[in-house]
Amino acid sequence: MFVDVASVHVTGGAGGAGAVAFRRERGVPRGGPSGARGGNGGGVVLVADLRLDTLLDYSYREHYKAGRAGHGEGGNRVGASGKDLRLPVPLGTLVRDIETGERIGELLEEGDELVVARGGRGGRGNASFASPTRQTPREWEPGEWGEERHIELELKLIADVGLVGEPNAGKSTLLARVTAARPRVAEYPFSTLTPNLGVVGLSGSRSFVMADIPGIIEGAHEGRGLGTQFLRHIERTRTLALLVPVDEKDPQATYDLLREELRAHDAALAGISHCVLLTKSDLGPPEAGVSVDAPESWGQFRISAVTGSGLNQALEDLWARVKAEKETPDDEAAGDPFEGAEAWRP
């Protein structure tokens, strides 16, 4: 089961109270204040973990609380700090405060950490209030409560190439052909219910990550079909591949629909570079028979995921485009989470 949105309640640990105590030691005339401060409460920390690819665990439990701190003691013994609660999340997790709508942060690379609820500060003991004119203070402070938040975790897939198309455009078939991913392939619409990732391996140890985004239909930006549930995953891709089957009655209308749905969901999506993959070439008319008017695309390729026709050139050009996007000076995209992993090669 793929879960890409979860709401949880996080609470930092409470700080410990300061102590009131006085020394009674041999050789120390008149003693003195020795009450130490309490420890600091633990925080709730999200940690990016490459081994996770879903937020499923957070659909079973809603409340998470870090450890509380120990109280201060006499003899200037500071209370023990509370233990941090470290919660693993998949790479690409975006965190928001539900009540304020504030974007707290996101975790993009393995090992990234984000504190979502800070622990309370420990209170001071009476030793902290001592002065030359107040040698026997009895003041102390209670520990502070930990920060409490209701947050939303949203998983946005990180991929180099995003496959975008209507249901049964051939996205899953293409992903299964060029990667080791095994998405569901069927003749009925919406066979893909969750995004799938795969690593495309090319010669010379070159590779890039490809994502199969569930089918887009007219009105998807308004919630029709699978709607905006998966449109947001496209935001992280470096380039898009719009799939247009050559056996469609009107390939141009299909292409225009995909562009309009992306633009309607988020204007920024229209700015992501894209190419056109004319799929199912084994079913369509001769090569010169189908094309689309796509002046904003950086290329068009006629391919067949079944026979493999045209795939090599399309993959080579996709890799070159991904490489160019990564080298763009103002590129703020995340690093490849699959870097170092062995890619599947045909």
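The coordinates are above.
Just so you know, these numbers come straight off a predicted model, no measurement behind them.

**What about the sheet that holds strand β1 (residues 5–11)?**
Right, so step 1: The sheet built from five strands is open, its strands ordered β3-β1-β8-β5-β6 with mixed pairing. The sheet is open, and its two borders are formed by β3 (63–65) and β6 (103–107), each paired with just one other strand. Taken over all neighbouring pairs, the strand axes of this sheet differ in orientation by 25° on average, direction set aside.
Right, so step 2: One ladder, built from four bridges, connects strand β5 (residues 93–97) with β6; its direction is antiparallel. Bridged to Leu 94 within β6 is Glu 106.

**Some remarks on helix α4 (residues 311–326)**
Each turn of an α-helix holds 3.6 residues, which means side chains three or four residues apart point in the same direction.
Right, so step 1: Here α4 spans 22 Å end to end across 16 residues, near enough to the 22 Å set by a 1.5 Å rise per residue.
Right, so step 2: Within the sequence span of α4, burial applies to Leu 311, Ala 314, Leu 315, Leu 318, Trp 319, Val 322 and Glu 325. All buried residues of α4 fall inside an arc of 135° around its axis, so they share one side.

**What about the nonpolar core?**
Right, so step 1: Core analysis: the largest hydrophobic core is formed by 24 residues, its most contacted members being Val 10, Leu 46, Tyr 58, Val 95, Val 116, Ile 151 and Leu 153.
Right, so step 2: Counting only elements with at least two residues in this core, the list comes to β1, β2 (44–48), β4 (85–89), β6, β7 (113–117) and β8 (148–155).
Right, so step 3: Setting aside chain neighbours within four positions, we find Ile 151 in contact with Ala 6, Ser 7, Val 8, Val 10, Val 95, Arg 96, Ile 98, Ile 104 and Val 116.
Right, so step 4: Leu 202, Leu 243, Cys 275 and Phe 301 belong to the second-largest nonpolar core, a separate cluster that totals 23 residues.

**Re the sheet that holds β2**
Right, so step 1: Read across the open sheet, the three strands follow the order β4-β2-β7; overall the sheet is mixed. At either margin of the open sheet sits one strand with a lone partner, and together these are β4 and β7. Adjacent strand axes in the sheet meet at a mean angle of 30°, parallel and antiparallel pairs treated alike.
Right, so step 2: With four bridges joining them, β2 and β7 adopt antiparallel strand pairing. Within the sheet, the bridge partner assigned to Val 44 lies in β7 and is Ala 117.

**Details of the pattern of salt bridges**
Right, so step 1: Under the counting rule described, the total for this entry stands at 18 salt bridges.
Right, so step 2: With a shortest N-O distance of 2.4 Å, Glu 296 and Arg 259 are connected by a salt bridge. Within this pair, whereas Glu 296 is found in the loop between β13 (274–279) and β14 (300–302), its partner Arg 259 is found in helix α3 (residues 251–265), the two being separated by 37 residues in sequence.
Right, so step 3: A relative accessible area of 54% means that Glu 296 is categorised as exposed.

**Thoughts on helix α1 (residues 171–178)**
Right, so step 1: Taken together, the buried positions of α1 are occupied by Lys 171, Ser 172, Leu 174, Leu 175 and Val 178. Along α1, the residues classed as buried sweep out an arc of 160° about the axis, all on the same side.
Right, so step 2: Considering only its buried residues, α1 is in contact with β9 (161–165), β10 (196–202), β11 (206–212), β12 (239–245), β13 and α4.

**Notes on the pairing of β5**
Right, so step 1: For β5, the buried fraction is high: four of the five residues fall into the buried class.
Right, so step 2: Of the strand pairs in this sheet, β5 and β8 are connected by five bridges, and their pairing is antiparallel. Bridging from a neighbouring strand, Asp 97 pairs with Ile 151 of β8.
Right, so step 3: The turn linking β5 back onto β6 is made up of five residues, and Gly 101 within it adopts a positive phi angle of 80°.

**Looking at the environment of Thr 179**
Right, so step 1: Tracing the backbone shows Thr 179 in the loop between α1 and β10.
Right, so step 2: Its relative accessible area of 0% is what places Thr 179 among the buried residues.
Right, so step 3: For the pair Thr 179 and Val 200, spaced 21 residues apart in sequence, the C-alpha to C-alpha distance is 5.1 Å.
Right, so step 4: Engagement of the side chain of Thr 179 in a polar contact is seen with the backbone oxygen of Leu 175, the distance being 2.7 Å.

**Describing the packing of aromatic side chains**
Right, so step 1: For the coordinates displayed, the defined rule picks out two aromatic pairs.
Right, so step 2: An angle of 65° between the planes, with centres 6.0 Å apart, marks the rings of Trp 298 and Phe 301 as edge-to-face.
Right, so step 3: For Trp 298, a relative accessible area of 23% puts it in the partly exposed group.
Right, so step 4: Overall, the relative accessible area of 10% leaves Phe 301 in the buried class.
Right, so step 5: Note that Arg 206 overlies the ring of Trp 319, its terminal NZ or CZ placed 4.7 Å from the centroid.

**Structural notes on the side chain of Ser 281**
Right, so step 1: Inspection of the secondary structure puts Ser 281 in the loop between β13 and β14.
Right, so step 2: Engagement of the side chain of Ser 281 in a polar contact is seen with the backbone oxygen of Ile 303, the distance being 3.1 Å.
Right, so step 3: Among all residues touching Ser 281, those that are not within four sequence positions of it are Val 246, Arg 302, Ile 303, Ser 304 and Ser 309.

So, how was this worked out
- Residues numbered from 1 in each chain as written.
- Predicted model: local features only at pLDDT ≥ 70, side-chain atom pairs only at ≥ 80, totals over all residues.
- Heavy atoms only, no water.
- Pairing = 2+ DSSP bridges.
- Helix = DSSP H or I, 4+ residues; strand = E, 2+ residues; numbered from the N terminus.
- Axes fitted to C-alpha atoms, helices over the stretch in contact; angles between N-to-C directions.
- Expected span 1.5 Å × (residues − 1).
- Buried < 20%, exposed > 50% of the residue type's maximum accessible area, 1.4 Å probe, protein only.
- Arc of directions from axis to C-beta.
- Core = buried A, V, L, I, M, F, W, Y, C linked by side-chain atoms within 4.5 Å.
- Contact = heavy atoms within 4.5 Å.
- Salt bridge = Lys/Arg side-chain N within 4 Å of Asp/Glu carboxyl O.
- Polar contact = N/O pair within 3.5 Å; in protein donor to acceptor, adjacent residues only side chain to side chain.
- Phe/Tyr/Trp six-rings, centres within 6.5 Å; stacked < 30°, edge-to-face > 60°.
- Lys NZ or Arg CZ within 6 Å of the ring centre and 35° of its normal.

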